[in-house]
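Below, each chain spelled out in residue letters.
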Amino acid sequence: MPTMNIIEAVRSALQTQMRADPRVVVLGEDVGKFGGVFRATSGLYDEFGADRVIDTPLAEAGIVGTAIGMALYGLRPVPEIQFGDFIYPAFDQIVNELAKFRYRSGGQYPCPVVIRTPVGGGIRGGHYHSQSPEALFIHTPGLKVVAPSNPYDAKGLLLAAMRQNDPVLFMEPKRIYRASRGDVPAGDYTVELGQAAIVRPGSQVTVVAWSGMVEIAEKAAALAEQAGISVEVIDLRTLLPFDIDALIASAQKTGRVVIVHEAPRTCGFGAELIASIQERAMAHLEAPIFRVTGFDTPFPYSLEHEYLPNPDRVMTAIRQTLEW
Amino acid sequence: MPTMNIIEAVRSALQTQMRADPRVVVLGEDVGKFGGVFRATSGLYDEFGADRVIDTPLAEAGIVGTAIGMALYGLRPVPEIQFGDFIYPAFDQIVNELAKFRYRSGGQYPCPVVIRTPVGGGIRGGHYHSQSPEALFIHTPGLKVVAPSNPYDAKGLLLAAMRQNDPVLFMEPKRIYRASRGDVPAGDYTVELGQAAIVRPGSQVTVVAWSGMVEIAEKAAALAEQAGISVEVIDLRTLLPFDIDALIASAQKTGRVVIVHEAPRTCGFGAELIASIQERAMAHLEAPIFRVTGFDTPFPYSLEHEYLPNPDRVMTAIRQTLEW
Amino acid sequence: MVAVPASERDVRRVLDDDGKPLPGARVPSIPDATLARMFEVMLRTRILTRVAHEVRLGAHLAAMGEEATQLAVAPLGAEDWVFPGACDHGAWLWRGYTIQQFVDQTLGNADDPSKGRQAPAHHAARWLNLVSISSPAGTQLPQAVGAAHAARKLARDDVMMTLFGEAATSTGEFHVGMNFAAVWKAPCVFVCRNSGWAGGAQAVQTAARTIAAKAIGYGMPGVRVDGNDALAVWQVASEAIARARAGDGPTLIEALTHVVFRVPDPPEGNSWLEMIPTILEFREDPSPKDPLHRLRGYLRHLGLWSERWETELAERCFDEITRAVAAAERKPAPATATLFDDVYEHMPWHLREQRAYLEAQHAPGSSPLQK
Amino acid sequence: MVAVPASERDVRRVLDDDGKPLPGARVPSIPDATLARMFEVMLRTRILTRVAHEVRLGAHLAAMGEEATQLAVAPLGAEDWVFPGACDHGAWLWRGYTIQQFVDQTLGNADDPSKGRQAPAHHAARWLNLVSISSPAGTQLPQAVGAAHAARKLARDDVMMTLFGEAATSTGEFHVGMNFAAVWKAPCVFVCRNSGWAGGAQAVQTAARTIAAKAIGYGMPGVRVDGNDALAVWQVASEAIARARAGDGPTLIEALTHVVFRVPDPPEGNSWLEMIPTILEFREDPSPKDPLHRLRGYLRHLGLWSERWETELAERCFDEITRAVAAAERKPAPATATLFDDVYEHMPWHLREQRAYLEAQHAPGSSPLQK
Ligand SMILES: Cc1ncc(C[n+]2csc(CCOP(=O)(O)OP(=O)(O)O)c2C)c(N)n1
Ligand SMILES: Cc1ncc(C[n+]2csc(CCOP(=O)(O)OP(=O)(O)O)c2C)c(N)n1
Ligand SMILES: [Mg+2]
Ligand SMILES: [Mg+2]
């Protein structure tokens, strides 16, 4: 089986699906000849031509707005937004249009658009190349939100996303775009949306993470092991709809849960997970559910490593929940 | 003391502050001669003229973007967005610009803009005249979010918002714009930001609400009283930063909490309140914290009263937390 | 290659104020039956808009007077798509959306093709290639462009048309839609109804002398047309559609319309059935710009019109509305459980859970007070 | 009243390729000292941009060649405000932002006027009326318009200027900014650097023949200028500033620039101090469009230039950069606790709590493993 990094896995998914389904088109700023700012679409222009790998002017509202029209008409567009931080000019098209088309038309107009965008910090990108805006979209009924943490899932989830009929926001962890490598089948496979993965089984504390934070959670779990603590790490993979069964099963088993995310704490997705878990598993909880998150500041530049959750902080929270 | 409804109270706050501070200007679609779609600015044009009550073309990004420039230069703009549902074209200006100006410039460029917008459903407005998007802005560091539930608070909070130096999203409960009436001082006063109000003291269950849902919470509390249950109702008033002390004090007293909001449940602000309360008051909680919220669908039309939280549903949750 | 009118006064007209062809005007050759149908749809649109206005449902008054402009869709084929604005009722009626469907949507009952999901005037008809409407101004423009580009990518020769008011030209969506269309040479026709009226007020939207001039900045032809002149609208729309279909790219049409009835807002609580008879007298626009007056004149000129024919059309329309409203009011609201349908293709767990909760709340004896 | 160039070829020039005044050109009268300072700032901008590029910090290569265009700010007064794009370093240097401040910001150390909050090239200097830069393209346009409108409301005669690349004209923000400016007749000058280059690629941004033509759609004058000709830029900017100051409203300036150095991206990990000496040889642009070459020619023509003077300027600049980098590298990063400052004027409880948490995490002996 070939080894790929996340960029290669994404590209392989796009290529696989473009070969399988002539309705799939890719569009965005510089996705064509240039191959995309992170090279995720490199090679696609040569293989599929300008008709299916479409450069656009600089306008995210135009990218998503036209993708909606393409989907209504029968294509399967996969727009790229260069950075998650630049998705806001398209916010109205995503939240008021894309997410609501099926519902508002009584099911007449499904709108299968898969928006790909890199998210997360740690690349010295400052405010505008580092944000993790998942919570905004998880709060938007009608969207699905997917956030892989590794190459295998990136390819399998992207293929699954492109084959179902609802709009998806597909967030890619840019800090580990190249650093995360693993075995990825060259051919076709999917990873079902809505299913979490237990990336490390354990018995005493559950740590829930996604995207770039799964790696941090795993490192913390390894630290914990050295300290004799057995930690279960759940990679949520799909954030909306999220895998409530996996969460509840683990919470009931361990009774102690820590959530890790990069986005600011207040009203982040961690809050929803806490709310959902305590509603259903309160009787099993031995301690409050703690969060290790980005702080409630704009994403900083010089102090980004002070800002970002790290294994030490997760370990502190693990201890806190055990000592509570 | 005169009696006012919420529209009149908002207008009175604007007029009071425009008289007190020549830097205050109002801008938006039809806020001038026409007096605003809900008449909140009616009369201001006649009193303060076109220089301070400024009609704009139809473009929310322009309204907020120019308001930012006005604030940087030294004015105190109070833009109106006709409906909260139409705020998304300005999302980038709010989230990436307004909220970050002070921080990104190292404190050099404060940006005191108070954005007023009506929110909430129940007026047969369908998807685009009913939304409650507070969670999106509470998740945005750098903003403050205020959501009054009655005329007295509307005027006092708006005056306070216009006198501090951070950007504020001021959300007005449109369903009860006219229905909610009360005594409001004609003159000057403020209601401090960040302070909740206990609108009904009680001992057995805490119900937390804001904006149009405070009325529902109070009705539920009245129902509960008939059933012999003592409910404390907290009107949060400021959603960011929210009054954690008031919440924790009440949760510790009652041990049982219900949160009510109109916005969709998943990743709504209710989740944050649950997360924050259980982190700090877990030992006092006798039951999970339940939510009574809008559903995770786009805001509907024909079935809006099925969608909206009502006193019965709150009462069910109150019972549930007591019986848990 | 970019054509724009030389001056503000360069406005395409075919008919004079009374519907006679202007001297020297090229008159489009439209079959008699089509002309008659245009008049009928314009009349029905007028009546429907007015009645809906009087009961405060689903139409702003501003749309009255725009009936000829809405028929910019008339020269399209059935395979072509339309992305309408919020009050282009004529476009719907022209394409075969029925008065019953109109009323069912307005009342949001179980027979509404959109299942009661949206506020009045926000129709959707996939079977007619009429795209679901939203309220935020201008959002349909880039969508129409995307569909147009898709048609070309799929080697079909369908054309997309989108309609919008002049205030929508102030939005960012107008800009990105126009720009993408021109860069992609998308087969898309942009129809701006310029009434000088935006919502409840007459806000200044632009300092440009014309809306059509905006086309220049995109490298797209822009044309101005008298929006009260159904033949002129037909003509410029036909030309733009032909250009688009031939692969020559998009066109911006600025149709000058006017606001017909300066009547006050009706009181709340008017009922459909009461209002219908009282509307008859308002049918006529007092201004010489009335698009119905002009087309009537032209039909008369061709010998296609009679008083009696129009009276019959109007009466049939009132009759249809009366029957539609009576039927619609007997129809139930959509079932409560349908609240959760169509958010996704397949209902995820959290919506199933919420549906179960709602059903339990509505179950008899479920009131928490009775426990 | 709307003036736009008659054709693409209608581009304002004052100097020929070698810096001699073109026959018949009106030459703006600029004091000798100002001309010398313009050359100095352009040279320093070139060097700084190039060095920063070689160490992969804070500049894209695309900005090299745009030095004369960035000096569109030169005719402004100190009270006027500038809303720059992301790589208008010349505008900063012209107004008095120092190389030390530039380097401190680039490295994000404790002396950065913005406290290390933003990525390189995202400066802010309130004391110079230079507004904080963000990355999202075009957002500064409506902001500049708002400030301009505010100046008029406050009866001050300050003018706002905003700079941006041609790709930014594709954004919705460009549209709403231009439109509000024209409707309000705001004293705002829009300077578009049209390099045909957007980020790493040459995407087609528009089908219009010129960017200046976009002004027509807003009812605003648009002018084209050779962006490599510092005198022509000065001239059109002066005219636009004068118009704005006189209350005659905004202007769109399209400055045609070009991308100077087609050198490959440098490897990661180049260090400032190593790179500085090796840059000297790249100072010159091989193309006849080089704005430095042209202004040098003009200065020589006036007897204001000598080889030695320029060498001294360049050496002084390298020297300053060297010292600034050496000093900057010795400066500490901003203190950890400052992470939480300036989110709000007064720190709310949740940020105080988070700051305390972070300080506890960083306290000696706080590692969770040691417990
Ligand atoms: C983005 C957005 N902001 C505000 C509104 C509120 N609004 C509804 S209609 C209207 C005026 C529209 O005028 P125009 O585009 O000329 O259309 P017309 O009413 O003339 O058909 C406004 C501002 C809206 N629909 N969308
Ligand atoms: C809204 C937005 N989307 C995407 C980007 C990513 N991006 C950075 S620079 C750039 C190209 C900008 O080109 P241009 O405006 O011509 O400026 P230049 O680089 O030539 O100065 C892009 C697309 C951005 N900055 N903002
Ligand atoms: Mg209009
Ligand atoms: Mg450029």
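Just so it is clear, the model here is predicted, and its values are computed rather than measured. (Residues numbered from 1 in each chain as written. Chains lettered and ligands numbered in written order. Predicted model: local features only at pLDDT ≥ 70, side-chain atom pairs only at ≥ 80, totals over all residues. Heavy atoms only, no water.)

We now examine the overall build of chain C. Within chain C, the secondary structure is distributed over 11 helices and five strands. Out of the 371 residues in chain C, the part that is buried amounts to 63%. Contacts spanning at least 24 positions in sequence make up 77% of the contacts within chain C whose residues lie at least 6 apart. (Helix = DSSP H or I, 4+ residues; strand = E, 2+ residues; numbered from the N terminus. Buried < 20%, exposed > 50% of the residue type's maximum accessible area, 1.4 Å probe, protein only. Contact = heavy atoms within 4.5 Å.)

With that settled, the discussion passes to the interface of chain A and chain B. Between chain A and chain B, the residue contacts involve 47 residues of the former and 48 residues of the latter. A combined buried area of about 4,300 Å² lies between chain A and chain B, and 67% of that area is made up of carbon and sulfur atoms. The salt bridge involving A:Glu272 is made with B:Arg291; its shortest N-O contact spans 2.8 Å. Elements with a minimum of two residues in the side of chain A that touches chain B: α4 (91-97), α5 (101-104), α6 (134-138), β13 (257-264) and α10 (269-281) of chain A. At eight residues, α10(A) tops the list of elements feeding residues into the side of chain A that touches chain B. Residue composition of the side of chain A that touches chain B, by class: 28 nonpolar, nine polar and 10 charged. (Buried area = accessible area lost by both parts, 1.4 Å probe. Salt bridge = Lys/Arg side-chain N within 4 Å of Asp/Glu carboxyl O. Nonpolar A, V, L, I, M, F, W, Y, C, P; charged D, E, K, R; others polar.)

Here we come to the relation of the copies chain A and chain B. Mapping chain A onto chain B leaves a residual RMSD of 0.0 Å; the transformation is a rotation of 180° accompanied by 0.0 Å of translation along its axis. Given the turn and translation reported, the copies of this chain are related as if by a two-fold rotation axis. (Least-squares fit on C-alpha atoms with pLDDT ≥ 70 in both.)

All names here are of chain C. For the pair helix α1 (residues 32-54) and helix α10 (residues 307-330), the least separation of the axes is 10 Å and the interaxial angle reads 45°. The orientation of α1 with respect to α10, classified from their angle, is oblique. Read as a crossing pair, α1 and α10 show a hand that is right-handed. Along the contact surface, α1 presents Ala36, Phe39, Glu40, Leu43, Arg44, Ile47, Leu48 and Val51, while α10 presents Trp309, Glu310, Leu313, Ala314, Arg316, Cys317, Phe318, Glu320 and Ile321. When its residues are assigned to classes, the contact of α1 with α10 shows 12 nonpolar, no polar and five charged. (Axes fitted to C-alpha atoms, helices over the stretch in contact; angles between N-to-C directions. Parallel < 35°, antiparallel > 145°, perpendicular 65-115°, else oblique. Left-handed = near helix turned anticlockwise from the far one by under 90°.)

Moving on, we get to the interface of chain A and chain C. In this complex, chain A contributes 43 residues to the contact, which on the side of chain C involves 49 residues. For the pair chain A and chain C, the summed buried area comes to about 3,800 Å², and 61% of that belongs to carbon and sulfur atoms. The interface formed by chain A and chain C contains two salt bridges. In this structure, the salt-bridge partner of C:Glu353 is A:Arg280, at a minimum N-O distance of 2.5 Å. Summed over the shared surface of chain A and chain C, the number is 25 residue pairs in polar contact (both at pLDDT 80 or more). At the level of secondary structure, the elements contributing two or more residues to the side of chain A that touches chain C comprise β3 (53-55), α3 (60-73), α4 and α5 of chain A. (Polar contact = N/O pair within 3.5 Å; in protein donor to acceptor, adjacent residues only side chain to side chain.)

What follows deals with the confidence of the model for chain C. When pLDDT is low, close inspection of the predicted coordinates is not appropriate. For chain C, per-residue confidence averages 91 on the pLDDT scale, and residues scoring 70 or more make up 90% of the total. Confidence estimates for the predicted assembly give a pTM of 0.97 and an ipTM of 0.97. (pLDDT = per-residue confidence, 0-100.)

What follows deals with α10(C). If you check α10(C), its first and last C-alpha atoms are 35 Å apart, about what 24 residues at 1.5 Å a residue would give, namely 34 Å. For α10(C), every residue scored as buried is listed here: C:Glu310, C:Leu313, C:Ala314, C:Cys317, C:Phe318, C:Ile321, C:Ala324, C:Val325, C:Ala327 and C:Ala328. (Expected span 1.5 Å × (residues − 1).)

Working note: regular strand, side chains alternate between the two faces of the sheet. All names here are of chain C. Of all six residues in strand β5 (residues 251-256), five are buried; the element is thus mostly enclosed. Relative to β5, strand β4 (residues 222-226) runs parallel, the two sharing five bridges. Along β5, the bridge assignment pairs Val225 with Ala255. Tracing the backbone out of β4, into helix α7 (residues 230-245) and back to the parallel element β5 gives a crossover that is right-handed. (Pairing = 2+ DSSP bridges. Right-handed = clockwise from strand over helix to strand, strands pointing away.)

Moving on, we get to the pattern of salt bridges. In total, this model carries 80 salt bridges over all chains according to the counting rule given. Between B:Lys144 and B:Asp166 there is a salt bridge; the shortest N-O distance is 3.4 Å. Here the residue B:Lys144 occupies a position in strand β6 (residues 144-146), and B:Asp166 occupies one in the loop between α7 (151-163) and β7 (168-173), the gap between them amounting to 22 residues. By relative accessible area, B:Asp166 is classed as buried at 2%. Here C:Arg224 and C:Glu254 are joined by a salt bridge, their closest N and O atoms 2.8 Å apart. One end of the pair, C:Arg224, is in strand β4; the other, C:Glu254, is in strand β5, and 30 residues separate them in sequence.

We now examine helix α7 (residues 151-163) of chain A. Residue and element names in this part refer to chain A. Here α7 spans 19 Å end to end across 13 residues, near enough to the 18 Å set by a 1.5 Å rise per residue. For α7, the tally of buried residues reaches 11 of 13 residues, placing the bulk of the element in the interior. The set of residues buried in α7 consists of Pro151, Asp153, Ala154, Lys155, Gly156, Leu157, Leu158, Leu159, Ala160, Ala161 and Met162. The distance from a side-chain oxygen at the start of α7 to the backbone nitrogen of Tyr152 is 3.1 Å, and the residue carrying that oxygen is Asn150.

Further remarks concern unusual backbone geometry. Residue A:Pro241 is reached from A:Leu240 by a cis peptide bond, and omega for that bond is -10°. Within the secondary structure, A:Pro241 sits in the loop between β12 (238-240) and α9 (244-254). Positive phi, normally seen in glycine, also occurs at A:Ser211, with a value near 55°. Checked against the element boundaries, A:Ser211 lands in the loop between β10 (205-209) and α8 (213-226). Accessibility expressed as a relative area gives 10% for A:Ser211, which makes it buried. The phi angle at C:Asp342 is positive, at roughly 70°, despite the residue not being glycine. Checked against the element boundaries, C:Asp342 lands in the loop between α10 and α11 (349-362). On the basis of relative accessibility, which here comes to 13%, the residue C:Asp342 falls in the buried class.

Moving on, we get to the nonpolar core. Grouped together as the largest cluster of nonpolar side chains are 290 residues, with contacts concentrated most on A:Leu236 and B:Leu236. Apart from the residues within four sequence positions on either side, A:Leu236 is in contact with A:Gln195, A:Ala196, A:Val208, A:Ala209, A:Trp210, A:Phe242, A:Leu247, A:Phe269 and A:Leu273. (Core = buried A, V, L, I, M, F, W, Y, C linked by side-chain atoms within 4.5 Å.)

Turning to its location among the elements, D:Thr45 is positioned in helix α1 (residues 32-54). Residue D:Thr45 is classed as buried on the basis of its relative accessible area, which comes to 1%.

Moving on, we come to the state of the cysteines. In the structure shown here, the tally under the stated rule is zero disulfides over all chains. Looking at the unpaired C:Cys87, the closest cysteine sulfur is the one in C:Cys192, lying at 15 Å. Cysteine D:Cys317 is unpaired, with the sulfur of D:Cys87 as its nearest cysteine sulfur at 16 Å. (Disulfide = S-S within 2.5 Å.)

This part takes up the packing of aromatic side chains. In the structure shown here, the tally under the stated rule is 49 aromatic pairs over all chains. Positioned above the aromatic ring of B:Phe101 is the side chain of B:Arg104, whose terminal nitrogen or guanidinium carbon lies 3.9 Å from the ring centre. We note D:Arg117 situated over the ring of B:Tyr103; from NZ or CZ to the ring centre the distance is 4.1 Å. (Phe/Tyr/Trp six-rings, centres within 6.5 Å; stacked < 30°, edge-to-face > 60°. Lys NZ or Arg CZ within 6 Å of the ring centre and 35° of its normal.)

All right, on to the sheet that holds strand β5 (residues 251-256) of chain D then. Residue and element names in this part refer to chain D. Spatial strand order, β1-β2-β3-β5-β4: five strands in an open sheet with parallel pairing. Each having just a single partner strand, β1 (81-83) and β4 (222-226) make up the two edges of the open sheet. Each adjacent strand pair in this sheet contributes to an overall mean axis angle of 20°, direction not counted. With six bridges joining them, strand β2 (residues 160-165) and strand β3 (residues 188-194) adopt parallel strand pairing. Bridge assignment links Leu163 to a residue of β3, and that residue is Val191.

Attention shifts here to the pairing of strand β10 (residues 205-209) of chain B. Residues and elements named next belong to chain B. For β10, the buried fraction is high: five of the five residues fall into the buried class. Alternating positions in β10 separate into two faces, Val205, Val207 and Ala209 on one and Thr206 and Val208 on the other, with burial throughout. Pairing analysis gives five bridges linking β10 to strand β11 (residues 231-235), with the strands arranged parallel. The partner of Val205 across the bridge, within β11, is Val231. Considered for its hand, the β-α-β crossover made up of β10, helix α8 (residues 213-226) and β11 is right-handed.

All names here are of chain A. It is at 10 Å that the axes of α9 and α10 come closest, and there the two elements cross at 60°. The orientation of α9 with respect to α10, classified from their angle, is oblique. Once α9 is placed against α10, the crossing between them reads as right-handed. Residue-level contacts link Ile244, Leu247, Ile248, Ala251 and Gln252 of α9 to Leu273, Ser276, Ile277, Arg280 and Ala281 of α10. In the contact of α9 with α10, the residues fall into seven nonpolar, two polar and one charged.

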